[in-house]
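# Per-entry structural report
Single-letter residue listing:
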Amino acid sequence: MTSNTVAMLLAGGKGTRLGELTKDIAKPAVPFGGKYRIIDFTMSNLANSGISTVGVLVQYSPLMLNKHIGIGKPWGLDRQYGGVSVLSPHSNREGSAWFSGTADAIVKNLHFIDQYEPDNLIVLSGDHIYQMDYTKMLEFHQANDADATISAIEVPWEDASRFGILNTNEDMSIYEFDEKPEEPKNNMASMGVYIFKWETIRPYLLEDEKNEDSEHDFGKDIIPMMLSDEKRLFAYNFEGYWKDVGTIKSYWEANMDLLKDDFQTLLMSKEWPTYPNEENRPPEYIGETSEITNSLISPGSFIEGKIDNSILFIGVETGEGTSIKDSIILPDAVIGEGVRLERVIVTSGVEVPDGAEILAEDEEPIVISHDTLNDYLPKGGNHNG
Amino acid sequence: MDNEVLGLINLQPEQDYLDELTYFRSGGSVPFMGRYRLIDFAITSMNNSGINVIGVFAGNKFRSLLDHLNRKEDFGIEGRQSRIFILPPDWNDPTDVSQGDLKHFHNHSDLFSRFKGNHVLISGSQFISNTDYSEAVEEHIKNDRDVTFVAEKVETPPEGPILRLITERDQVTGFTHDQENPHLYTGVYIIKKSVLMNIVTFCINNYKPSFFHNGIREKLEEYNTGFFDITAKTHYFHSVETYFNNSMALLEKDRYRKFFFGKNKVKTKVSTSPPTLYKKTSNVKKSIVANGVTVEGNVERSIIGRNVKIGKGAVIKNSIIFANCTIEPDVHLENVILDKDVRITEGRQLMGSEEKPYVLAKRTEI
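A brief structural summary. Within each chain, residues carry numbers counting from 1 in the order of the written sequence. Each chain takes a letter, starting from A, and each ligand takes a number, starting from 1, following the order in which they are written. A pLDDT threshold of at least 70 governs which residues receive local features in this predicted model, and a stricter bar of 80 or more applies before side-chain atom pairs are shown or counted, although totals over entire chains, interfaces and linings include all residues. The basis for every side-chain value is the complete set of non-hydrogen atoms in the structure, without hydrogens or water.

## Quick notes on the interface of chain A and chain B
Think of interface size as the accessible area that goes away when the parts come together; that is how it is often given. Contacts were defined at the residue level, with two residues in contact if any of their heavy atoms lie within 4.5 Å. Contact with chain A, which involves 38 residues of that partner, is made by 37 residues of chain B. Summed over both partners, the accessible area lost on bringing two parts together, with a 1.4 Å probe, is the buried area. Here chain A meets chain B over a buried area of about 3200 Å², counting both sides, of which 52% is carbon and sulfur. For the chain A face of the interface with chain B, the top three residues by lost area are Asn 280, Pro 283 and Tyr 285 of chain A, together amounting to 22%. Each salt bridge in this description consists of a side-chain nitrogen of Lys or Arg and a carboxyl oxygen of Asp or Glu lying within 4 Å of one another. Taken together, the connections running from chain A to chain B amount to 4 salt bridges. Pairing of N or O atoms within 3.5 Å defines a polar contact, subject to two protein rules: one partner must be a possible hydrogen donor and the other a possible acceptor, and residues neighboring in sequence count only if both atoms are side-chain atoms. Where chain A touches chain B, the interface holds 23 residue pairs in polar contact (both at pLDDT 80 or more). Under the DSSP-based scheme used, a helix requires at least four consecutive residues in state H or I and a strand at least two consecutive residues in state E, with every element numbered from the N terminus. Listed by contribution, the elements that provide at least two residues to the side of chain A that touches chain B are helix H9 (265-268), strand S16 (284-286), strand S17 (291-293) and strand S18 (295-297) of chain A. For the side of chain A that touches chain B, the residue count by class is 15 nonpolar, 12 polar and 11 charged. Note on pairing: two strands pair once DSSP finds at least 2 bridges between them. Where S16 of chain A and strand S16 (residues 287-289) of chain B come together, 3 bridges link them in antiparallel fashion. The partner of Glu 284 of chain A across the bridge, within S16 of chain B, is Val 289 of chain B. The classification used treats Ala, Val, Leu, Ile, Met, Phe, Trp, Tyr, Cys and Pro as nonpolar, Asp, Glu, Lys and Arg as charged, and all other residues, Gly among them, as polar.

## With respect to the side chain of Asn 318 of chain B
All names here are of chain B. Structurally, the position occupied by Asn 318 is in the loop between strand S21 (315-317) and strand S22 (320-321). At 3.2 Å, the side chain of Asn 318 and the side chain of Arg 301 are in polar contact. With residues near it in sequence (within four places) discarded, Asn 318 still touches Phe 244, Met 248, Glu 300, Arg 301, Ser 302, Asn 335, Val 336 and Glu 354.

## A closer look at the sheet that holds S21 of chain B
Residues and elements named next belong to chain B. Taken together, the 5 strands give an open sheet; going across it, the order is S15-S18-S21-S24-S27, and neighbouring strands pair in parallel fashion. Each edge of the open sheet carries a strand with a single partner, namely strand S15 (283-285) and strand S27 (349-351). Pairs of neighbouring strands in the sheet enclose a mean axial angle of 5°, with direction left out of account. The pairing of strand S18 (residues 298-300) with S21 spans 3 bridges and is classified as parallel. Note on S21: the bridge partner recorded for Glu 300 is Lys 317. Think of each axis as a best-fit line through the C-alpha atoms, taken over the contacting stretch in the case of a helix, with angles from 0 to 180 degrees between the N-to-C directions.

## Remarks on the environment of Val 289 of chain B
Structurally, the position occupied by Val 289 of chain B is in strand S16. Any residue under 20% of the maximum accessible area for its type is buried, any over 50% is exposed, and the rest in between are partly exposed; the area is computed with a 1.4 Å probe on protein chains only. We classify Val 289 of chain B as buried; its relative accessible area is 1%. Separated by 31 residues in sequence, Val 289 of chain B and Ile 320 of chain B have C-alpha atoms that sit 10 Å apart. In this view, Val 289 of chain B contacts Pro 283, Glu 284 and Ile 286 of chain A together with Thr 276, Tyr 278, Val 284 and Ile 304 of chain B; residues no more than four positions away in its chain are not counted.

Here you go:
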């Protein structure tokens, strides 16, 4: 069943609301959970679901993402037939253009999908944290003989107006797709996971491409058009952990979720492993003065001081007398001695000098990057170069 | 120097010194420092020296070795022309009368004849370092030597069966077990391929079982020899005690850093497990902890391998725990080495001494 399915993974997102975290890299490539990147969850879902023909659509700052995906080895996608292809915007005889919407990105790569003559197209987003068996959704899609199936998850009512809401009949067929409604009729939100019957969706995509008023977006344009044509659209109810890491705060929260007993399967599951693009680094060194509680530590690290409720990525070093709480330290950052950090995110390779104290005063975590570090250090002294 | 030197890791003559740890694996595949195996260091040093074709004479008990070495890229042996050849016992020649490790040299002679370069660097697995033999090779070639022995000079010579060099000017005239001699021989040597081939013929024709002892050591005066002293940190393994002491010595932070990060990181098989999870009740000090581990108990001066689970209230001191062990709550371990897949049930206490660590064989449950 999975062999006649092509997956298109949208990984071009700028992730503007992630600020410093996405300054130089695309959102799906942002480090997550100690030794992973955000896209690893979707890539692992594909690997674990046995979907082996995957197009990864890149656009914004794709260098790291291209290198990370490579030929798909960590996810078993280095294949003779199918496998993973990184698809970037390109020029051809008709001209050249950036991807201007989710549907547009697919249309501009129709030739990629056509070569496999798939029965189904599965469209995914590379910036969500979740573990999902796509084969179950495919079964549901085929059992309903659906033209399109959209996976949905129950969200808290107060958040419903931030999502695309699926209004369904009793048999889960969709009669309305309500994009960010002010007064939601229910709380079933679209997760941005779509399965389409390829022969049905193909003409819609081509039709939409001609419409100059369209935003070329699946949620805003394609789905409503299919609904008005009374196509068979179904909502697939997903139960489990799902998080859109769209903001600094949700990024911080999703990382912290990894420390909770309830969500241990996100990284630890043997049945549904999450595969990083692993590096060859020595096991972490835990020093004489360390006190580590409720934290994740990654290889290549040298740890001293007090680490509580925090996530330390690969190659991190922390000094004696330092206290790190509720924080996320990205790869190869060096935290000096006698430093105090609370509710902060230190980005890759940043060196926090001895004695620095950086504590977030409210809910919003502080992001410390090469550019913002000085804003949080005492002015003057020897650092006036 | 690329493609001029063939790497050979000869595990055949190595003894299975490490008691329970070498019951089911060869010395080369004994796990070390959480995620490595002893053979990794020989490969890393060869890789550091620009060697990109390596043969491994696998001797016996090589199952874990085959699995461990199955992706050469993990060890930095990269590119189309690079190879790691694992050569298990395969006695295919019916007229073959060779003995000892000559059986390997004879039956796998294609390894040498197909290699285009003129020199072979031979190493075992029970001496480890993260070093670079390039200079040694340069000197070997520059001085047109038949054999160059890689050695080191130490301040306080260690006791034990480590061979030492007797030298006269730049020539090596003999080997000794004299415990006072500080010129330790690492077991690594660089030899001209043509000389190697002649030695193979000589040994086989004369029913000699040891390439090194019969072919080189007993005939030193026939060769133009030399030595090269390395300065990198080294460790020698010849007993459970030395294994234990070497491990504990690397718990010193600077030493660990220098040894594993060095100029180049030590390479090993890349495998995937999640970051280490330290739960609320964990208390870990001065230890090396590999990935996939969940710690709820206390760990001090210990080395914890992959995917080990350490329960609440458990105490692990001065110990080495191999991968996939489960330490249930309130267990007390001191000076022990647990091989893979061992389970210690709730409340048990096991203690060895620093001189004589207590070793539990693979898959034991207590």
